[in-house]
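# Fold and contact review
Read off the chains here:
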Protein chains: 2
Amino acid sequence: MITSTVENYVKQIYLQQQENPADLLPMGKLATAMNVVPGTATAMVKALADSGLVDYEPRGGIRLTHGGEQLALHVLRRHRILESFLVEILGLDWSEVHEEAETLEHAVSDKVLERMDHLMNRPQYDPHGDPIPTAKGQISHIRLMPLSDMAPGTSAQVARVADQDAAFLRFAEKNGLLPGVKFSLISSDSQADAVTIRLRNKQTITLGGKAAEKILVRKKTG
Amino acid sequence: MITSTVENYVKQIYLQQQENPADLLPMGKLATAMNVVPGTATAMVKALADSGLVDYEPRGGIRLTHGGEQLALHVLRRHRILESFLVEILGLDWSEVHEEAETLEHAVSDKVLERMDHLMNRPQYDPHGDPIPTAKGQISHIRLMPLSDMAPGTSAQVARVADQDAAFLRFAEKNGLLPGVKFSLISSDSQADAVTIRLRNKQTITLGGKAAEKILVRKKTG
DNA sequence: TGCCCTCTTTTGAATAATCAAAATCACTTA
DNA sequence: TAAGTGATTTTGATTATTCAAAAGAGGGCA
């Protein structure tokens, strides 16, 4: 049966796998991501393999089957539409919607989701800039560059803020680092592990390497 | 722990108890309402009693404690606000929202619920005319008269449609029997077990006793 | 080659919720 | 008051998910 636990595992496997699409996902990574002890992950993965959602190589790792990936994308779609809805229609802060959507994604029906999607005019990205998979299970795979990799003097706009930690998101929001915001890179010092950018409103922000990696950007075209 | 199963039991106990507020609710009634075998209800009720949510008299029956009633009212509040939201904001049909709310009521946070409530301007009744408990756990206890008890020649308005069956709700909607609609009782024949009413738009509708019992009315004042 | 370290799997146990079926209780009714 | 009836409780099992801790596998290094 597809319980919400199964949905969470499959979603997490998908997300983890994205970071290393070529390799099998090791058990330990999954266990950590799911916040369970390794034995639990092993047990669960066996059940997922029996349901045909993952391919499992003992002591090797796992990989989603096509069916598993479709399920993951549907869960992700629900999650991201909900996040958008909570921000745009209900006016919640983007720093808090991840948690809310985490629960609701297992409870909304396709019908309700469709209404939400329609009411928002079918957004393609959620408030953090993550692409929303289509109802058919397609997702855009545009490669984005981390702010930390930009060359000094170049301009770009924020495309995605890849962190769901509420504190970081509040920090980003307070500093105007929202998807769509344009800026240029003033300086980048690899020794200091810091980059400084200037927004359109002349405000400058300096980020350490860790933070700069979480801001994914799109080169300004034109 | 307050799982959604616990919430469902407590809500159902509350609802069943309303039909006979003076007596203890017998196990069998609860088991039937929850769609489980009697033994399951017994086991669950013991757990609820341990959590202080119900008073349990073996072979006698059960009754919610104050805490249990407060929990039931909070679940009911979530359910009814959700129903209203699904109809008013997302445009679902009133015949289908009960099922949807049944799942969502265990997943929405108080924060999201508060936003929904606010967005709708804090309705006091849900689309079926059921009163929405306040956040503090108060609920209006207005005694309504079933349409089947009205005297011929009198006028009233529909206050509540006390059935969550989608087919009946669709029937009611199609015939204009929605909360707020005014009508007068043309005839009532106890032998024929039928009543005939006339709506403001001159349309007449004849209902059998069973259906007429589900339409709760409020005497027209003025 | 053998030991060690890390990761993974196995084993045994717990909790929540359920069912099927046997046992028990309480209440009529003859 | 004994038997029967219907509701309720008990007992034994099952499924899903989890943890703790023991056991096992594999690779690196001395």
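Right above here is the structure, for reference.
Here is a short report on the structure shown in this document. Everything quoted here is computed from the prediction, not taken from an experiment.

A few words now on the protein's contact with DNA strand C. In the neighbourhood of DNA strand C, 19 residues make up the surrounding shell, with G28, K46, Y56 and R59 of chain A together with T3 of chain B lying closest. The separation between a phosphate oxygen of DNA strand C and a polar side-chain atom of Y56 of chain A is 2.4 Å. Note that a phosphate oxygen of DNA strand C is positioned 2.3 Å from one of the side-chain N or O atoms of T3 of chain B. Of all elements in the fold, only α2 (27-34) and α3 (38-50) of chain A together with α1 (4-18) and α3 (38-50) of chain B reach the threshold of two or more residues within the surface near DNA strand C. The element that contributes the greatest number of residues to the surface near DNA strand C is α3 of chain A, accounting for four residues. A per-class count over the surface near DNA strand C returns nine nonpolar, seven polar and three charged.

With that settled, the discussion passes to the packing of aromatic side chains. Taken as a whole, this structure holds three aromatic pairs over all chains when the rule is applied. Ring centres 6.1 Å apart and planes at 90° place the aromatic pair F85 of chain A and F85 of chain B in the edge-to-face group. One end of the pair, F85 of chain A, is in helix α4 (residues 66-88); the other, F85 of chain B, is in helix α4 (residues 66-88), on a second chain. Exposure class is identical for F85 of chain A and F85 of chain B. Each is buried. With centroids separated by 5.9 Å and ring planes inclined at 40°, the aromatic side chains of F168 of chain A and F171 of chain A adopt a geometry described as tilted. With F168 of chain A and F171 of chain A both in helix α7 (residues 166-174) and three residues apart, the pair spans about one turn of that helix. The aromatic ring of F168 of chain A is capped on one face by K214 of chain A, whose charged end is 4.3 Å from the ring centroid.

Another point: the interface of chain A and chain B. How big an interface is tends to be expressed through the accessible area that disappears when the partners come together. Between chain A and chain B, the residue contacts involve 18 residues of the former and 18 residues of the latter. Both faces considered, chain A and chain B share a buried interface measuring about 1,500 Å² in area, 67% of it formed by carbon and sulfur atoms. Where chain A meets chain B, there are two salt bridges. In this structure, E96 of chain A and K111 of chain B form a salt bridge, with 2.8 Å as the shortest nitrogen-oxygen distance. Applying the counting rule to chain A against chain B returns eight residue pairs in polar contact (both at pLDDT 80 or more). At the level of secondary structure, the elements contributing two or more residues to the side of chain A that touches chain B comprise α4, α5 (97-104) and α6 (110-119) of chain A. Residue contributions to the side of chain A that touches chain B peak at five residues, all from α6 of chain A.

Calculation notes
- Residues numbered from 1 in each chain as written.
- Chains lettered and ligands numbered in written order.
- Predicted model: local features only at pLDDT ≥ 70, side-chain atom pairs only at ≥ 80, totals over all residues.
- Heavy atoms only, no water.
- Near = heavy atom within 4 Å.
- Polar contact = N/O pair within 3.5 Å; in protein donor to acceptor, adjacent residues only side chain to side chain.
- Helix = DSSP H or I, 4+ residues; strand = E, 2+ residues; numbered from the N terminus.
- Nonpolar A, V, L, I, M, F, W, Y, C, P; charged D, E, K, R; others polar.
- Phe/Tyr/Trp six-rings, centres within 6.5 Å; stacked < 30°, edge-to-face > 60°.
- Buried < 20%, exposed > 50% of the residue type's maximum accessible area, 1.4 Å probe, protein only.
- Lys NZ or Arg CZ within 6 Å of the ring centre and 35° of its normal.
- Contact = heavy atoms within 4.5 Å.
- Buried area = accessible area lost by both parts, 1.4 Å probe.
- Salt bridge = Lys/Arg side-chain N within 4 Å of Asp/Glu carboxyl O.

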